[in-house]
Amino acid sequence: MNDECRLLSVSSILGYGFPESSLALGLKRKPHFMGVDGGSTDPGAYYLGSGECLNSRKAMKRDLRLMLLGGVSANIPVVIGTCGGAGAEPHLQAVAELAREIAREENLKFRMALIHSDQDRSKVGAWLNEGRISALRNVPPLTAATVERSTRIVGMMGAEPFMQALDGGAQVVLAARASDAASWAACAMSRGMPPAPSWYAGKMLECGTASATPKGHDCLIATVRPDHLEVEPVNPARRCTPLSVATHGLHENQSPTIHEEPGGLLDATDCEFIAVSDRAVRVSGMQWRTRDYDIKLEGAEFIGFRAITICGTRDPILISQIDSYLQTVRDDVQARASGFGVSPEKYHVVFHVYGKDGVMGAAEPVKHIASHELGIVVEVVAPDAEDAKAVLAIARVVIPKVDFPGRLCKSGNMAFPFSPSDISVGPTYRFSIFHVVKPDSPYSMFPIDYVEVH
Amino acid sequence: MAKLSEIAKVCKSKNAGPFEVTIDVMFDSREMYDKVLKSGVLCEQLFATLYNVDVKDVLFTPYPAAFAFKGTIPRRISSGDLGDTDVYGAQQHAPMLDVEIPL
């Protein structure tokens, strides 16, 4: 059995960047694996729904080139999870294409594994019928209609498919949607480390140097040993402290101590954080509790094309009656849109009123505003793009012209900062599925292809 | 009495997945963390009241390792859905700032 496994994470997401000098220093530590997380649900369902990548091709290619140049010649496997932002097939293929381009340009040869995670609607529907799907906390139960309406569905893989790809001799592993920590846990476990410190290391590595101070997009090295791990930022300008590492446990999750992963729970309740130098921290005491294997499903549903306009008012008489004024605007828009054949069930209008409750919406506790000006984003969403544009255009005509009690600003209620003022945003999506399914096996939903790249 | 805005080191919110928002309040020292813990003011019910959600849907975790408290609440509208105002959930912390802690 190996005595330790060294893992180098280059950044928090492929395409966010990292200093080249950090990568060079990190490689001197002779990591057994190098990688980066590729995505998140955080930027919303658009990326899963549309198949667009979160980061630009140029930024991803820059990061990937440095990783492949550093990893392939030194025989360090390069492992990337949730490729392209949302980790669906178009995202995986986009990153795979970049890898092939870089191989051609740099004369690199490697065996590459592509792990897929798209799930057929018909299969998901069958799992639902078989009672294998359940909702996560605070998510409505799944229905067959929701599955049918979903544009694209992915499963979030655990560590096992990565371990299989590494066993299959892959020097570069590109995975579609994966648990953020899974790629790292897989690397450490493939060298014989137990799940508890391996998964905990993954939690640290998936976010680059978010567990260091100062935070930033930079390289982090974790050394996993049988009963603990040590984390250290590579860049001498940063350091990990027991507090900075413990704080990372709070990052973007429900609980700082209980982390649900495919096949188990990582329990960090009894973790100890000890400084082993002024820049490195040892974490011990985490536990891994195995449980029934389940896989999270993520689905995105098309909700319509969005068109917006931005305007603002500086009129105190209007501001004092903003709610009734906007109701008048809404009614007038509805009447005029019906007049050109777009009935109210064909679109949604939302007024985002900044200076009032634009940030918190209905949850805003401050009910009496003292703002001297209000900014308004008028949003129209409709399944038909032309309907969205037409309703938004008529709203842009109505909102400056509608009369209200005491109105003095008779030539226009709103200041528009731009011409043209109508902005077509394009298709928009919501998360329709955020549920778990009991799979046949940890591998059954995630087929692997191997490609010899040269 | 002191407001959280006067005694906290960090008070922030962020998505915990698209259907929940998580709010973290951190303090500078174990001493201050212990005082706040002992006051009992930070609890499931406080989050339920401030954000007008059902108390059974709130997950509250004191986290002494980072001198922190975490409260996770359901989103009224899931991230990026129609009518959402905060895709990243990063500006939902303000109601915590005025919470008074007896010290």
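Residues numbered from 1 in each chain as written. Chains lettered and ligands numbered in written order. Predicted model: local features only at pLDDT ≥ 70, side-chain atom pairs only at ≥ 80, totals over all residues.

**Q** Describe the overall build of chain A, naming the residues involved and giving the relevant values.
**A** Within chain A, the regular secondary structure consists of 13 helices and 19 strands. With respect to the three principal axes, the spread of C-alpha positions in chain A is 80 × 50 × 45 Å. Residues counted as buried form 51% of the 454 residues belonging to chain A. A separation of at least 24 residues holds for 77% of the contacts in chain A among residues at least 6 apart in sequence. (Helix = DSSP H or I, 4+ residues; strand = E, 2+ residues; numbered from the N terminus. Buried ≥ 20, exposed ≤ 12 C-beta atoms within 10 Å, placed from the backbone. Contact = placed C-beta atoms within 7 Å.)

**Q** Help me get a handle on the interface of chain A and chain B, residues and values and all.
**A** Every contact between the two is made by 36 residues of chain A and, on the other side, 36 residues of chain B. Of the residues in the side of chain A that touches chain B, the class split is 20 nonpolar, 13 polar and three charged. (Nonpolar A, V, L, I, M, F, W, Y, C, P; charged D, E, K, R; others polar.)

**Q** Report on helix α9 (residues 195-205) of chain A, specifying residues and quantitative values.
**A** Burial of α9(A) is extensive: 11 of the 11 residues sit out of reach of the surface. Regarding α9(A), the residues found buried are A:Pro195, A:Ala196, A:Pro197, A:Ser198, A:Trp199, A:Tyr200, A:Ala201, A:Gly202, A:Lys203, A:Met204 and A:Leu205.

**Q** Kindly report on the sheet that holds strand β1 (residues 5-9) of chain A, identifying the contributing residues and their values.
**A** Each strand in a sheet pairs with its neighbour through backbone hydrogen bonds, running either in the same direction (parallel) or in the opposite one (antiparallel). Residues and elements named next belong to chain A. Spatially, 10 strands are ordered β12-β13-β9-β8-β1-β2-β3-β7-β4-β19 in an open sheet, and the strand pairing comes out mixed. At either end of the open sheet lies a strand with only one pairing partner, and these are β12 (272-275) and β19 (448-453). Neighbour-to-neighbour, the strand axes of this sheet turn through a mean angle of 25°, independent of strand direction. Two elements, strand β9 (residues 228-233) and strand β13 (residues 281-284), share four bridges in a ladder whose sense is antiparallel. Of the residues in β13, the one forming a bridge with His228 is Ser284. Relative to the sheet, helix α8 (residues 182-190) contacts β1, β2 (33-39), β3 (78-85), β7 (172-175) and β8 (220-225), its axis offset from that of β1 by approximately 155°. (Pairing = 2+ DSSP bridges. Axes fitted to C-alpha atoms, helices over the stretch in contact; angles between N-to-C directions.)

**Q** Would you mind going over the confidence of the model for chain B in detail, with residue names and values included?
**A** Close reading of the predicted structure is inappropriate where its pLDDT is low. In this model, chain B carries a mean pLDDT of 96, and residues with pLDDT of at least 70 account for 100%. Interface confidence for the predicted complex, given as ipTM, is 0.95, next to a pTM of 0.94. (pLDDT = per-residue confidence, 0-100.)

**Q** Talk me through the packing of helix α3 (residues 57-73) of chain A against helix α4 (residues 89-106) of chain A; I want residue IDs and the actual numbers.
**A** The geometry of a pair of packed helices is captured by two quantities: the angle between their axes and the separation between those axes. Residue and element names in this part refer to chain A. Remark: α3 packs on α4, axes separated minimally by 10 Å, with the N-to-C direction vectors making an angle of 55°. In terms of orientation, α3 lies oblique with respect to α4. Judged by the sense of rotation from one axis to the other, the crossing of α3 with α4 is right-handed. Two secondary-structure elements touch here, α3 through Arg57, Met60, Lys61, Leu64, Arg65, Leu68 and Leu69 and α4 through Val95, Leu98, Ala99, Ile102 and Glu106. The residue makeup of the contact of α3 with α4, split by class, is eight nonpolar, no polar and four charged. (Parallel < 35°, antiparallel > 145°, perpendicular 65-115°, else oblique. Left-handed = near helix turned anticlockwise from the far one by under 90°.)

**Q** Explain the nonpolar core to me, and be specific about the residues and the numbers.
**A** Taken as a class, soluble globular proteins show a tendency for nonpolar side chains to be buried jointly. Residues and elements named next belong to chain A. Counting 160 residues, the largest nonpolar core has Leu7, Val173, Leu174 and Val391 as its most contacted members. Tallying contributions element by element places strand β15 (residues 295-313) first for this core, with eight residues. When sequence neighbours within four positions are dropped, the list of residues in contact with Leu7 reads Pro31, His32, Phe33, Trp184, Cys187, Ala188, Ala201, Leu205, Ile221, Ala222 and Val224. (Core = buried A, V, L, I, M, F, W, Y, C linked by C-beta atoms within 7 Å.)

**Q** How would you summarise the sheet that holds strand β11 (residues 264-267) of chain A if you had to cite specific residues and measurements?
**A** Residue and element names in this part refer to chain A. Spatial strand order, β10-β11-β14: three strands in an open sheet with antiparallel pairing. Looking along the sheet, the strands with just one partner apiece sit at the ends: β10 (258-261) and β14 (287-290). Shown here is a sheet whose adjacent strand axes are inclined to one another by a mean of 20°, direction ignored. One ladder, built from four bridges, connects β11 with β14; its direction is antiparallel. Bridge pairing in β14 links Leu266 to Trp288.

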